[in-house]
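Structure at a glance
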2 protein chains.
Amino acid sequence: MELRNLVTFINVAELGSFTKAADLLGYSQSTVSFQIKQLEDELGCLLFERINHTITLTERGHELISYAHQICALEEEFKENLKEDKTYSGHIHVVTPDSVCEEMLTAHYLDFHRKYPDISIRFTTGDSGVMLDMLDHNEADVIMTLDHRLYNKDYIIAKEQQLPMHFVAASESKFEGLKGLSIKDIINEPFVLTECGQGYRRVFDRELAKRSLEITPVLEIGRTDIITSLVAESNLISYLPDFVTKPLIKSGKLCYLDVCDMNIEIWKQLIYHKNKWMSKSLRTFIDYVKREEFSNQAENERFST
Amino acid sequence: MELRNLVTFINVAELGSFTKAADLLGYSQSTVSFQIKQLEDELGCLLFERINHTITLTERGHELISYAHQICALEEEFKENLKEDKTYSGHIHVVTPDSVCEEMLTAHYLDFHRKYPDISIRFTTGDSGVMLDMLDHNEADVIMTLDHRLYNKDYIIAKEQQLPMHFVAASESKFEGLKGLSIKDIINEPFVLTECGQGYRRVFDRELAKRSLEITPVLEIGRTDIITSLVAESNLISYLPDFVTKPLIKSGKLCYLDVCDMNIEIWKQLIYHKNKWMSKSLRTFIDYVKREEFSNQAENERFST
DNA sequence: ATTATCTATCGAAAAATTAGATGTAGAAGG
DNA sequence: CCTTCTACATCTAATTTTTCGATAGATAAT
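Residues numbered from 1 in each chain as written. Chains lettered and ligands numbered in written order. Predicted model: local features only at pLDDT ≥ 70, side-chain atom pairs only at ≥ 80, totals over all residues.

Helix and strand content of chain A: twelve helices and twelve strands. In summary, chain A has a C-alpha radius of gyration of 32 Å against a globular reference of 19 Å for 305 residues, an excess of more than 25%. In terms of overall dimensions, chain A has C-alpha extents of about 110 × 40 × 30 Å along its principal axes. Burial analysis of chain A (305 residues in total) assigns 32% to the buried set. (Helix = DSSP H or I, 4+ residues; strand = E, 2+ residues; numbered from the N terminus. Rg over C-alpha atoms; globule rule 2.2 N^0.38 Å. Buried ≥ 20, exposed ≤ 12 C-beta atoms within 10 Å, placed from the backbone.)

This part is about the protein's contact with DNA strand D. Not every one of the 22 residues close to DNA strand D is listed here, only the nearest: Ser30(A), Thr31(A), Thr19(B), Ser30(B) and Ser33(B). Of all elements in the fold, only helix H3 (29-43) of chain A together with helix H2 (18-25) and helix H3 (29-43) of chain B reach the threshold of two or more residues within the surface near DNA strand D. Top contributing element to the surface near DNA strand D by residue count: H3(A), with five residues. When the residues that make up the surface near DNA strand D are grouped by side-chain class, the tally is four nonpolar, 14 polar and four charged. (Near = placed C-beta within 6 Å. Nonpolar A, V, L, I, M, F, W, Y, C, P; charged D, E, K, R; others polar.)

Of all hydrophobic cores here, the largest spans 47 residues; its most connected members are Val142(A), Ile143(A), Val168(A), Ala169(A) and Val231(A). The contact partners of Ala169(A), leaving out residues within four places of it in the chain, are Phe175(A), Glu176(A), Val231(A), Ile237(A), Cys255(A) and Leu257(A). In terms of nonpolar packing, the next biggest core, distinct from the first, is built from 46 residues, Ala140(B), Val231(B), Leu236(B) and Val259(B) among them. (Core = buried A, V, L, I, M, F, W, Y, C linked by C-beta atoms within 7 Å. Contact = placed C-beta atoms within 7 Å.)

Okay, the relation of the copies chain A and chain B next. Overlaying chain A with chain B gives an RMSD of 0.2 Å, the required rotation being 180 degrees about an axis along which the chain moves by 0.1 Å. Taken together, the turn and the small shift mark the pair as related by a two-fold rotation axis. Taken as a fraction of all interface residues of chain A, those also at the interface in chain B reach 100%, which identifies the copy contact as same-surface. (Least-squares fit on C-alpha atoms with pLDDT ≥ 70 in both.)

Residue and element names in this part refer to chain A. The geometry of helix H2 (residues 18-25) relative to H3 is characterised by a closest axis approach of 8 Å and an angle of 110 degrees between their N-to-C directions. Here H3 runs roughly perpendicular to H2, going by the angle between their axes. Seen from H2, the contacting residues are Phe-18, Thr-19, Ala-21 and Ala-22; seen from H3, they are Gln-29, Thr-31, Val-32 and Ser-33. Split into classes, the residues belonging to the contact of H2 with H3 amount to four nonpolar, four polar and no charged. (Axes fitted to C-alpha atoms, helices over the stretch in contact; angles between N-to-C directions. Parallel < 35°, antiparallel > 145°, perpendicular 65-115°, else oblique.)

Size of an interface: often given as the accessible area lost when the parts come together. Taken together, the contact between chain A and chain B spans 35 residues of the former and 35 residues of the latter. Breaking the side of chain A that touches chain B down by element, the ones donating at least two residues are helix H1 (3-15), strand E1 (48-51), strand E2 (54-57) and helix H4 (59-83) of chain A. In terms of residue count, the dominant contributor to the side of chain A that touches chain B is H4(A) (twelve residues).

For the rest of this paragraph, the subject is the domain arrangement of chain A. If you check the domain split of chain A, you get domain 1 (3-83) and domain 2 (85-305). Between domain 1 of chain A and domain 2 of chain A, the C-alpha centre-to-centre distance is 62 Å. (Domains from an automatic or database assignment.)

To summarise the sheet geometry, strands pair through backbone hydrogen bonds and adopt either a parallel or an antiparallel arrangement. All names here are of chain A. If you trace the three strands from one edge of the open sheet to the other, you get E10-E7-E11, paired in antiparallel fashion. Since the sheet does not close on itself, it has two edges, and those belong to strand E10 (237-241) and strand E11 (254-257), each with one partner. The sheet shows a mean angle of 45 degrees between the axes of neighbouring strands, taken without regard to direction. Sheet topology places strand E7 (residues 165-170) next to E10; five bridges connect them, and they run antiparallel. (Pairing = 2+ DSSP bridges.)

A separate point is the protein's contact with DNA strand C. Neighbouring residues of DNA strand C: 23 residues in total, closest Phe18(A), Thr19(A), Ser30(A), Ser30(B) and Thr31(B). Elements that contribute at least two residues to the surface near DNA strand C include exactly H2 and H3 of chain A together with H3 of chain B. The greatest single-element share of the surface near DNA strand C, amounting to five residues, is contributed by H3(B). Partitioned by chemical class, the residues of the surface near DNA strand C number four nonpolar, 14 polar and five charged.

What follows concerns the pairing of E7(A). Residues and elements named next belong to chain A. Most of E7 is tucked away: six of the six residues are buried. Sheet topology note: the E7/E11 ladder contains four bridges and is antiparallel. Across the sheet, residue Ala-169 finds its bridge partner in E11, namely Cys-255.

This is the structure we're talking about:
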């Protein structure tokens, strides 16, 4: 029982004529005969009585009419549904590093939620490897990495920007104000760094390794807010993206160290899988993030090495 | 959007795999790919995300699932409906001559209704010509004629029997008890007959015409119950089927006249159109009538000339 | 009597569906 | 790291289905 036949059947029943239905539907009359016969054969019962070239619905036919209408109504309802603008509703799974997660949630989430109250978002944190895996398994809709600038034909970079990073210390640090520091000057200081999994930590380690250097931090922790407040109150040194340290830099509790020989490129990238179905809400979310989360581009570039 | 594709879609979604769905449905895997693609093209949206050879329903897909289930449920419900025995319900239009109508209604209708309370019957009266026209236009489901024995390849005679008929007069009539009367003996008596349209009246007239005779009845009326009661109380003569006169014959108010040279064949026939769709209720009704309405065959034949 | 109308049916043509083979890429297992 | 397995996409060709056009049969209308 195919919908095509049901539509024909409904029209025949309403017009009371095979010929008229054929004209209306753009079929030849024989096609309508065939389609009705096909239905009758499949259902094993007569749908129309043909007596002297006039057709009358049988009881079965009457019953089918009602079902056919319901079925076609459902089909149309669905298609209408598709057309509708779907005023942004749905679920989005975003995965980001810990630091970004915190920043996005505090800085933008409430605004986004106010604008699009029907989009529900799940935030999860993970390191770059995990995040990419999640993209590959369609477990994340979109991720944001802080890592080396990655490129892969399977992923679409919705937006990216290089992240300025600095060694930071407390304002009272002995390095404060010193110009032209080398990495070697500070390599033996006590460091607090993010965990190894985090992209920019890995890039940092690799960069040190190139110079046959190594840091054994006294503390490793994912939460950058904790790192910054610890650094501000101690002689610890850290290496962090500016967006993490900005508040304490501004309030004068932290200071950048002027280390010249350590130019690390860390990129912030908003990424989704190339086969990802762009629902309206996902599109909206990504556009929002591109606009808001990357809006401080100019400001960052000012600090950028 | 055809049901075939929806069924495939549902299976793919449930099994989470094109291949498994293909196996289950007996399609090749490429066919399933094609069918899903077909749906997606028609709807203009992706139904599954394909990321690394695993498929996940998109939002649209999720929505379609619900509609598809409803649609398939309706289809199945209808087919179930067909299978069911449809415990006799429906409408039947029966057309009979006036006399038969009255007899059937008084003698059998209540019993039939008690047995099959969900079958609703419409009784209409008409003469033979009208009744056959109604069959031809599918306005009557089944008719009963009292006429010459008719045969036509377009009609199915569900049952037929020859109807014994007699000239009748009041018991006090001057003809009562006289043996071996000729039609000529009574031709000039005052007659009361049914209307011309009625089949057996026409047969009667034709039969007279053969003998170059003619009757101008003093009264013509369709209602045989009125005819019989009039005859019983007057010197009128009539010519009627026995089933009409039987009650008053039994009670001794009427008597048969022994007219020997007027042998008219009148048949009672239960007829429907050969293209008529036999609903269960119609079948039931016809069977009932065959059984009950023709059950007095033996008795009638006793009186038969 | 003639014409018009309506459905059934048949054969041929067109279109759609389907299968099978092949390709690609990730997953699993050694 | 390599092989094997699995899964989906795609292409072509075969098959099936659908459709049309023509014709027939029969009734209705004029």
